[in-house]
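# A structural walkthrough
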Amino acid sequence: MECTYDVLIIGAGSAGLAAALTLGRCLRRVLLADGGPPRNEASPGVHGFLTRDGIRPAELLRLGHEQLRPYKTVEVQCLQIESIARQGRGFVATGHGTADDAPVMVTARRVLLATGVSDILPALPGFRELWGRGVLHCPYCHGWEVRGRPLAVYGQGRTVTGLALLVSRWSPDVIVVTDGPGHLTPNARRRLRREKIGIREEPVARLIGSAGQELRCIEFADGSQLERAALFLHAPQHQRSPLASNLGARFTNSGAVWVDKNAQTSVPGIYAAGDTTPGTQQALLAAAAGNQAAICLNENLTREECPR
Ligand SMILES: Cc1cc2nc3c(=O)[nH]c(=O)nc-3n(C[C@H](O)[C@H](O)[C@H](O)COP(=O)(O)OP(=O)(O)OC[C@H]3O[C@@H](n4cnc5c(N)ncnc54)[C@H](O)[C@@H]3O)c2cc1C
């Protein structure tokens, strides 16, 4: 049975949109399944994206969709893909538009997972509410906006030490907040002290923010408060979608979907790009990875169509 699409792209963030653009330009029949908002939805701006520095996340994606319009072989559907199974030499995927819609079935020769990750925030009042504005995940994305201001870095052990030393390149006033025992080695404490980074090991009660979701202060369990303009943390992550895991794809030790140099996962015919895969997580890099995966996909399809 002939597949309806050459490539089903799952996820319409930077990686998925860039892949759709490149595959559209290759005249490929593409379905881009747009399952909802991107990871950075809560952020006021995407920083460090060449020609788009500071653009609102929704506006970046709107432009991405707009620029797909000339490519008539690319179809976009609001679709949450729930399962993928091999069918002949391709795949059949099922999903839903909204929960009330009838299930949709899609056949494609190849699948690109561009489904991203989710950040797991501490279960304390204020973290979720201030996420993306007063609570920040990455100084490369947001350090410049809070440069020179009083900052906190939340976490324990080696992770918090490394992040605090990094953040101290943006501000001379950085305090590590460990929310209980910091598990900091004597060497970590010495390195922090050398950079004049303070350490607060009391348990945290909550974060207090402004109406504009800026951080005002950190309140500790004893009621004392520490005024800070922003708090950085390396939040643990999980895959946004269980599709790769359900397919039996290989994962790296850090929980990313393993891919070879051609963006193919350990499941032949299933590709992956963007935050889902290992490496530095930035919107521009996700877009570049989507572009590269699209080229690899087109070359793989071409080889199948033009056998030796
Ligand atoms: C708060 C915050 C601020 C950030 N700020 C910056 C910044 O300033 N600059 C920068 O470069 N980077 C920034 N990042 C990182 C950036 O958001 C990511 O690197 C980028 O979004 C990765 O793109 P992606 O396409 O891989 O994933 P995403 O953008 O997360 O897109 C994945 C898409 O897949 C969809 N999806 C998931 N499962 C399914 C499914 N089953 N079916 C259909 N669709 C599905 C999701 O709904 C989502 O739309 C920020 C991240 C966060 C959390």
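Predicted, not measured: the structure shown is a model, and the values here were computed from it.

Near the ligand you find 38 residues, and of these Gly 36, His 47, Ile 81, Asp 275 and Ala 283 are the closest. In this structure, an oxygen atom belonging to the ligand sits 3.4 Å away from a main-chain N or O atom of Ala 114. In this structure, an oxygen atom belonging to the ligand sits 2.8 Å away from a main-chain N or O atom of Ala 283. Burial of the ligand by the protein amounts to 99% of the accessible area it has alone, namely 1,000 Å². Elements represented by at least two residues in the shell around the ligand include exactly helix H1 (14-25), strand S4 (80-87), helix H4 (139-142) and helix H8 (283-305). When the residues that make up the shell around the ligand are grouped by side-chain class, the tally is 15 nonpolar, 19 polar and four charged.

A separate point is H1. Here H1 contains twelve residues, and its C-alpha end-to-end distance of 17 Å stays within 8% of the 16 Å for a straight helix at 1.5 Å per residue. On the buried face of H1, the contacting elements are strand S1 (5-10), strand S2 (30-34), helix H2 (57-66), strand S3 (74-78), strand S6 (104-113) and H8. Looking at the residues trailing H1, positive phi occurs at Leu 27, about 65°.

By convention, interface size is frequently given as the accessible area that disappears when the constituent parts associate. Per the domain assignment, the segments of the chain are domain 1 (5-118 + 237-305) and domain 2 (121-233). Averaged C-alpha coordinates put domain 1 and domain 2 at centres separated by 33 Å. On the side of domain 2, nine residues touch domain 1, which itself brings seven residues to the contact. Both sides of the domain 1 and domain 2 interface together cover about 660 Å² of buried area, and 48% of this is carbon and sulfur. In this assembly, domain 1 and domain 2 are joined by two residue pairs in polar contact (both at pLDDT 80 or more). Among the residues forming the side of domain 1 that touches domain 2, the class breakdown is two nonpolar, four polar and one charged.

The biggest cluster of nonpolar side chains holds 24 residues, and the ones touching the most others in it are Val 7, Ile 9, Leu 23, Leu 32 and Leu 112. For this core, the secondary-structure elements that each account for two or more residues are S1, H1, S2 and H8. Here this core gets six residues from one element, more than from any other, and that element is H8. Apart from the residues within four sequence positions on either side, Ile 9 is in contact with Gly 16, Ala 19, Ala 20, Leu 23, Val 30, Leu 31, Leu 32, Ala 33 and Leu 112. Listed in part, the 21 residues of the second largest apolar core include Leu 31, Ile 84, Ala 108 and Ala 244.

Parameters at a glance
Per chain, residues are indexed from 1 in the order of the written sequence. Only residues with pLDDT of 70 or above have their local features reported here, since the model is predicted, and side-chain atom pairs are shown and tallied only from 80 upward, although totals for entire chains, interfaces and linings are computed over all residues. Hydrogens and water are ignored here; the side-chain numbers use all heavy atoms of the structure. Near, as used in this document, describes a residue that has one of its heavy atoms within 4 Å of the molecule or strand being considered. Polar contact is the term for a pair of N or O atoms within 3.5 Å; when the atoms are in protein, one must be able to donate a hydrogen and the other to accept it, and sequence-neighboring residues count only if both atoms are side-chain atoms. Surface accessibility in these figures is a Shrake-Rupley result with a 1.4 Å probe; residues are shielded only by whichever protein chains are displayed. A run of H or I in DSSP becomes a helix once it reaches four residues, and a run of E becomes a strand once it reaches two; helices and strands are each numbered from the N terminus. Three residue categories are used. Nonpolar comprises Ala, Val, Leu, Ile, Met, Phe, Trp, Tyr, Cys and Pro, charged comprises Asp, Glu, Lys and Arg, and polar comprises the others, including Gly. The span expected for a helix works out to 1.5 Å for each residue beyond the first. By the convention used here, residues are in contact when the closest approach between their heavy atoms is within 4.5 Å. A domain assignment, automatic or from a database, supplies the domain bounds used here. By buried area we mean how much accessible surface two parts lose on assembly, using a 1.4 Å probe and totalling the loss over both. Nonpolar core, defined: a set of buried Ala, Val, Leu, Ile, Met, Phe, Trp, Tyr and Cys residues in which side-chain atoms within 4.5 Å join the residues together. Any residue under 20% of the maximum accessible area for its type is buried, any over 50% is exposed, and the rest in between are partly exposed; the area is computed with a 1.4 Å probe on protein chains only.

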